Amino acid sequence: MSIYEFAKSIALLAGERIREELSQELIIETKSNPNDLVTNMDKATEVFLVDRIKETYPDHHIIGEEGHGKDITSADGYLWIIDPIDGTLNFVHQQQNFAISIGIFHNGEKYAGVIYDVMNDKLYHAEAGKGAYLNEEKLPMLKNTALVTSIISMNPNWLTKDRTREMYVPIIRTARSARSYGSAALDFAYVALGIIDSYITLRLHPWDFAGGLIIAEEVGAVVSNQLGEKLDPLHSNSILVANQTLHQELLADYLLPFESHLRLIHSGPFSHR
Ligand code: 2AM
Ligand code: CA
Ligand code: CA
Ligand code: CA
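Named according to an unreviewed UniProt entry, the protein is inositol-phosphate phosphatase originating from Macrococcus carouselicus. A UniProt comment under Catalytic activity (unreviewed entry) is attached to the protein, and it reads "a myo-inositol phosphate + H2O = myo-inositol + phosphate".

Spelled out as structure tokens, the structure:
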């Protein structure tokens, strides 16, 4: 079994475990603030995935949101970047609209991405250079769109904050409409699927975007930070993902006019995980 096939198989197994245990009562704790939640299921799923990877590939490196690999600073060898439950608030409040996200890099180069929409049993996956799939179906390359006919995914919180309102309100005003799904991994998957045209957010951690980056690029999406720069899978970053012409339009007409403001924001919290 290739590493790619193995990654898909453990995402499916981990998802099955979550579905089976959904009726059990959750232990919910807060992290950085009262709305930043983590459950025993987030932690148990990360342990399950890490244990499976370690027993099969003992020399691979693993970074996970819930604590694994905090000291990893190099992308040498095989590096797995895992979000056991992306969309924990959805998981707690809705028991749906959450995903398992896995991105795998080899010596810093993209290798494979897997996003498992657990409750809908939809597995988005891609091996670099070989196209992206939803379950067994190959996804078509993205069609280009203009902002006026595009649907943008953005967390509305960014429109309530003084330092970001000025940048993002014109985008939402011009777009055909906006959506917010509450799972960064699913946002990437939905761009790859072509059901939204862009996902824009000011701060994601590596585990939020590692899988999505690889899948979205396989259908021709452009993935960068909001200054148009390549994403570094070892660090947090801002995100602009869209089909090619929309990415260009958003960058040139809406984001780069705020370049110095964005550079200031990037010089702060993005330097660490
Ligand atoms: P999580 O559920 O794995 O924590 C919700 O808008 C999206 O943003 C989810 O993908 C969520 O991932 C992520 N997210 C939640 N809190 C965040 C934070 N403090 N910084 C960056 N991303 C966050
Ligand atoms: Ca979290
Ligand atoms: Ca996440
Ligand atoms: Ca998570």
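Back to the text.
Asker: A description of the pattern of salt bridges should follow, citing residues and the corresponding values.
Answerer: Counted according to the given criterion, the structure contains 10 salt bridges. A salt bridge links E127 to K130; its shortest N-O distance comes to 3.6 Å. Overall, the relative accessible area of 17% leaves E127 in the buried class. A relative accessible area of 51% places K130 in the exposed class.

Asker: Help me get a handle on unusual backbone geometry, residues and values and all.
Answerer: In the Ramachandran plot, N107 falls in the positive-phi region, its phi being about 50° despite a non-glycine side chain. By the element assignment, N107 lies in the loop between β5 (99-106) and β6 (109-117). The exposure class assigned to N107 is partly exposed, which follows from its relative accessible area of 48%. For D121, which is not a glycine, the phi torsion comes out positive at approximately 50°. With respect to the secondary-structure elements, D121 resides in the loop between β6 and β7 (122-127).

Asker: Could you give an account of the site of ligand 1, with specific residues and numbers?
Answerer: Within the structure, ligand 1 sits among 13 residues, and D83, D86, G87, T88 and A184 are positioned closest to it. Within the side chain of E65, one N or O atom sits 3.2 Å away from an oxygen atom of ligand 1. Residue D83 places a side-chain N or O atom 3.1 Å away from an oxygen atom belonging to ligand 1. Protein burial of ligand 1: of its 480 Å² of free accessible surface, 72% is covered by the chains. In this structure the site holding ligand 1 corresponds to the largest pocket. Looking at the shell around ligand 1, the element that brings in the most residues is strand β4 (residues 78-86), giving three residues. In the shell around ligand 1, the residues fall into two nonpolar, six polar and five charged. In this structure, the shell around ligand 1 is formed jointly by two domains, domain 1 (3-138) and domain 2 (147-271), each of which donates at least three residues.

Asker: Quick rundown of the coordination of the calcium ion (ligand 3)? Include the residues and the values.
Answerer: Of the protein atoms, only D83 (OD), D86 (OD) and D208 (OD) coordinate the calcium ion (ligand 3), at distances of 2.0 to 2.2 Å. You can call D86 buried: its relative accessible area is 5%. Looking at D208, the relative accessible area reads 10%, which means it is buried.

Asker: A description of the coordination of the calcium ion (ligand 4) should follow, citing residues and the corresponding values.
Answerer: All of the protein donors around the calcium ion (ligand 4) are E65 (OE), D83 (OD), D83 (OD) and I85 (O); their distances to the metal are 2.1 to 3.2 Å. Counting gaps between the donor residues of the calcium ion (ligand 4) yields the pattern E-x17-D-x1-I. A separation of 3.9 Å is found between the calcium ion (ligand 4) and the calcium ion (ligand 2), which are bridged by E65. D83 gets classed as buried once you look at its relative accessible area, which sits at 0%.

Asker: Talk me through the packing of aromatic side chains; I want residue IDs and the actual numbers.
Answerer: Enumeration according to the criterion identifies seven aromatic pairs in this entry. Seen in terms of ring centroids, F188 and Y199 are 5.8 Å apart; in terms of plane orientation they differ by 75°. Their pairing is edge-to-face. Here F188, found in helix α5 (residues 184-193), pairs with Y199, found in strand β12 (residues 198-204); they are 11 residues apart in sequence, far enough to count as distant. Look at Y199 and you get buried, because its relative accessible area is 6%. Members of the aromatic cluster, joined through ring pairs, are F6, Y57 and W80. Directly above the ring of Y4 sits K8, whose terminal nitrogen or CZ lies 4.5 Å from the centroid. Lying over the aromatic face of W158, K161 brings its terminal NZ or CZ to 5.5 Å of the ring centre.

The rules behind each value
Residues numbered from 1 in each chain as written. Chains lettered and ligands numbered in written order. Predicted model: local features only at pLDDT ≥ 70, side-chain atom pairs only at ≥ 80, totals over all residues. Heavy atoms only, no water. UniProt positions renumbered as here; feature names shortened; annotations may be inferred. Salt bridge = Lys/Arg side-chain N within 4 Å of Asp/Glu carboxyl O. Buried < 20%, exposed > 50% of the residue type's maximum accessible area, 1.4 Å probe, protein only. Helix = DSSP H or I, 4+ residues; strand = E, 2+ residues; numbered from the N terminus. Near = heavy atom within 4 Å. Polar contact = N/O pair within 3.5 Å; in protein donor to acceptor, adjacent residues only side chain to side chain. Areas by Shrake-Rupley, 256 points an atom, 1.4 Å probe, with all protein chains shown as cover. 1 Å grid on protein atoms, 1.4 Å probe; cavity = no way out; pocket = protein on both sides within 12 Å on 5 of 7 lines; lining within 4 Å. Sits in = over half its atoms within 2 Å of the grid points. Nonpolar A, V, L, I, M, F, W, Y, C, P; charged D, E, K, R; others polar. Domains from an automatic or database assignment. Donors = N, O, S within 2.8 Å, 3.2 Å for Na, K, Ca; no water. Phe/Tyr/Trp six-rings, centres within 6.5 Å; stacked < 30°, edge-to-face > 60°. Lys NZ or Arg CZ within 6 Å of the ring centre and 35° of its normal.

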